[in-house]
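Observations on chain architecture
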Amino acid sequence: MSIDIDPPFLERTSLSLQHAALAVLDEVAMHPPDTGPSYCLTQQGLADVGDVATALAREVHDVADALDAFLAFARDVDGDVAWVFDVLLSGRLS
């Protein structure tokens, strides 16, 4: 099995994922509008959406971290990573 790894592409992907996670967190900071009698409901709804968005941002950031860790590992083995994919695909490593 032969797989070509493009470290610069993967580094850019990791950086893009980190930026996306930060962008999601930036968008979460919403102040609820004055909706009159439904203000509490609106506030709770926005808080719930914020919780989901924050969890998403953490997951995206974790993917970027995992990609960075993979790249560091790949560099440690001098770019010869085909065996890593063989092991992953066989289910012996997760």
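Since this is a predicted model, take the numbers as computed values, not measurements. (Residues numbered from 1 in each chain as written. Predicted model: local features only at pLDDT ≥ 70, side-chain atom pairs only at ≥ 80, totals over all residues. Heavy atoms only, no water.)

With respect to the overall build of the protein
Scanning the protein for helices and strands turns up three helices and zero strands. The helix and strand sequence of the protein, counted from the amino end, reads α-α-α. Expressed as a percentage of its 94 residues, the buried residues of the protein come to 17%. A separation threshold of at least 6 residues defines the contact pool for the protein, and within that pool the share at least 24 residues apart is 65%. Of the roughly 6,800 Å² of accessible surface on the protein, 61% is carried by carbon and sulfur atoms. (Helix = DSSP H or I, 4+ residues; strand = E, 2+ residues; numbered from the N terminus. Buried < 20%, exposed > 50% of the residue type's maximum accessible area, 1.4 Å probe, protein only. Contact = heavy atoms within 4.5 Å. Areas by Shrake-Rupley, 256 points an atom, 1.4 Å probe, with all protein chains shown as cover.)

Comments concerning the confidence of the model for the protein
Confidence in the prediction for the protein averages 83 pLDDT; 79% of positions are at 70 or higher. At the low end of the mean pLDDT range in the protein sits helix H3 (residues 82-90), at 69; at the high end sits helix H1 (residues 7-28), at 92. (pLDDT = per-residue confidence, 0-100.)

Here we look at a negative patch on the surface
Taken together, the side chains of Glu-59, Asp-62, Asp-65 and Asp-68 define an acidic patch exposed on the protein surface. A relative accessible area of 51% places Glu-59 in the exposed class. (Patch = residues over 30% accessible without salt bridge, like charges linked within 9 Å, V, L, I, M, F, W, Y side chains within 5 Å. Salt bridge = Lys/Arg side-chain N within 4 Å of Asp/Glu carboxyl O. Lys, Arg positive; Asp, Glu negative; His and termini not counted. Charge placed at Lys NZ, Arg CZ, Asp CG, Glu CD.)

With respect to the side chain of Ser-14
Tracing the chain through its elements places Ser-14 in helix H1. If we ignore the near neighbours within four places in the chain, the residues touching Ser-14 are Ala-64, Leu-67 and Asp-68.

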